[in-house]
Amino acid sequence: MVLKSAKLRLHLLASRTHKWLAIIIGAQLLLWFASGALMSFLPIDRVHGDHLVDRKAAAPLPRGSTFAPPSAIVGAADAPIEAITYRMWLGRPVAEVATAKGTRLFDAATGQALPAPTAREAEEIARLAWRGGARPAAKVERIERASPEYRGTLPAWRVAFADLDSTRVFVAADTGRISAVRTGTWRLYDFFWGLHIMDWTRSRELQHALAARLRDRWACALVRGQCFSTCDGPKRGVATS
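This write-up is about the structure you can find in this document. A quick note: this is a predicted structure, and the numbers were derived from the prediction, not measured.

This brings us to the overall build of the protein chain. Tallying secondary structure elements over the protein chain gives six helices and seven strands in all. The order of α-helices and β-strands along the protein chain, N terminus first, is α-α-α-β-β-β-α-β-β-β-β-α-α. Per-residue burial over the protein chain gives 29% buried out of 241 residues. Sequence separation of at least 24 residues holds for 46% of the intrachain contacts in the protein chain that already meet a minimum separation of 6. Surface exposure of the protein chain reaches about 15600 Å², of which carbon and sulfur atoms provide 62%.

Structure (structure tokens):
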């Protein structure tokens, strides 16, 4: 009798364990399938923000330009040079010099080292690449640490546009290149990606970020609605009088 009771308890425990394991694994499989299906419906160019920011735009070097000899740049560099790339940057030719200590910009005409890009220059770079129809306000902030939204080159400048998509353009603080673009579509895609790979920490952080964005949008919508109702009220009164 005691043996049968022990077997019954063991059977019940195994049955309950099997049921809960099936529920947990089934839920994870459902999230994996649903998140993958939803990601496939999001256009990848909108995820990358290509419709708002042209990060690959590059002006050609002007013909007949006279550059300083490479020896001048080698002499001005503070470490052995690994590569030199000539390109246009904010309307002037520069030499992007990669060394063992990092990357730095030099004036291509004089061979002299340039100061690191400033916040004003980072905003100008982001605005030159902007494709949106309007000219939204922007807030520039220097970031020193990686975050769920950005894990690229550090330090960097974050140019936050006040557009409907809450676009963020990240500009590398050493080269002045656009290193990343983040939009609302990208955040939604990244949230689903966190669910897809079952990275719960990443998903939780992005949930907080998405909740903050939605709260800000609702606040803006309420303020705009109050402004419209205030402005339209007197007009309707005048029309009917």
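Read on, since the account is not over.
Turning next to the nonpolar core. Within the largest apolar cluster, 19 residues are counted, with the highest numbers of intra-cluster contacts made by Val53, Val159, Phe161, Val169, Val171 and Ile178. Contributing elements (two or more residues each) for this core: helix H4 (119-128), strand S5 (156-161), strand S6 (168-172) and strand S7 (178-182). Excluding residues that lie within four positions of it along the chain, Val159 makes contacts with Ala122, Glu123, Ala126, Ala138, Lys139, Val140, Thr167, Arg168 and Val169.

Residue placement: Thr167 occurs in the loop between S5 and S6. Thr167 gets classed as buried once you look at its relative accessible area, which sits at 0%. A distance of 2.7 Å separates the side chain of Thr167 from the side chain of Asp163, its partner in a polar contact. The contacts of Thr167, once residues within four sequence positions are left out, are Leu52, Val53, Trp130, Val159, Ala160, Phe161, Val181, Arg182 and Thr183.

For the rest of this paragraph, the subject is the pairing of strand S3 (residues 102-107). Bridging between strand S2 (residues 92-99) and S3 involves six bridges; their strand directions are antiparallel. Paired with Val94 across the strands is Asp107, a residue of S3. Connecting S2 to the antiparallel partner S3 that follows it, the hairpin turn spans two residues.

Right, let's get into unusual backbone geometry. With an omega of -5°, the peptide bond between Leu154 and Pro155 qualifies as cis. Within the fold, Pro155 resides in the loop between strand S4 (138-143) and S5. Although it is not a glycine, Leu90 adopts a positive phi angle of roughly 55°. You can see Leu90 is positioned in the loop between strand S1 (81-89) and S2. On the basis of relative accessibility, which here comes to 27%, the residue Leu90 falls in the partly exposed class. Positive phi outside glycine occurs at Ser166, with the angle close to 50°. Note that Ser166 resides in the loop between S5 and S6.

Taken together, the buried positions of H4 are Glu121, Ala122, Ile125, Ala126 and Arg127. The elements touched by buried residues of H4 are S1, S4, S5, S6 and S7.

Counting across every chain of the model gives nine salt bridges. Among the salt bridges present, the one from Asp54 reaches Arg131, with a minimum N-O distance of 3.7 Å. Taken together, the positions of Asp54 in the loop between helix H2 (44-48) and helix H3 (70-76) and Arg131 in the loop between H4 and S4 put the pair 77 residues apart, joining distant regions of the chain. Put simply, Arg177 and Glu96 hold a salt bridge, and the shortest N to O gap is 2.7 Å. You can see Arg177 sitting in the loop between S6 and S7 and its partner Glu96 sitting in strand S2, a full 81 residues away along the chain. Residue classification places Arg177 among the partly exposed positions, given a relative accessible area of 36%. Through salt bridges with shared partners, one network takes in Arg87, Glu96 and Arg177.

Its location among the elements puts Thr185 in helix H5 (residues 184-196). Thr185 has contacts with Leu42, Arg46, Val47 and Asp165, leaving out every residue within four places of it along the chain.

Cut-off values and rules
Residues numbered from 1 in each chain as written. Predicted model: local features only at pLDDT ≥ 70, side-chain atom pairs only at ≥ 80, totals over all residues. Heavy atoms only, no water. Helix = DSSP H or I, 4+ residues; strand = E, 2+ residues; numbered from the N terminus. Buried < 20%, exposed > 50% of the residue type's maximum accessible area, 1.4 Å probe, protein only. Contact = heavy atoms within 4.5 Å. Areas by Shrake-Rupley, 256 points an atom, 1.4 Å probe, with all protein chains shown as cover. Core = buried A, V, L, I, M, F, W, Y, C linked by side-chain atoms within 4.5 Å. Polar contact = N/O pair within 3.5 Å; in protein donor to acceptor, adjacent residues only side chain to side chain. Pairing = 2+ DSSP bridges. Salt bridge = Lys/Arg side-chain N within 4 Å of Asp/Glu carboxyl O.

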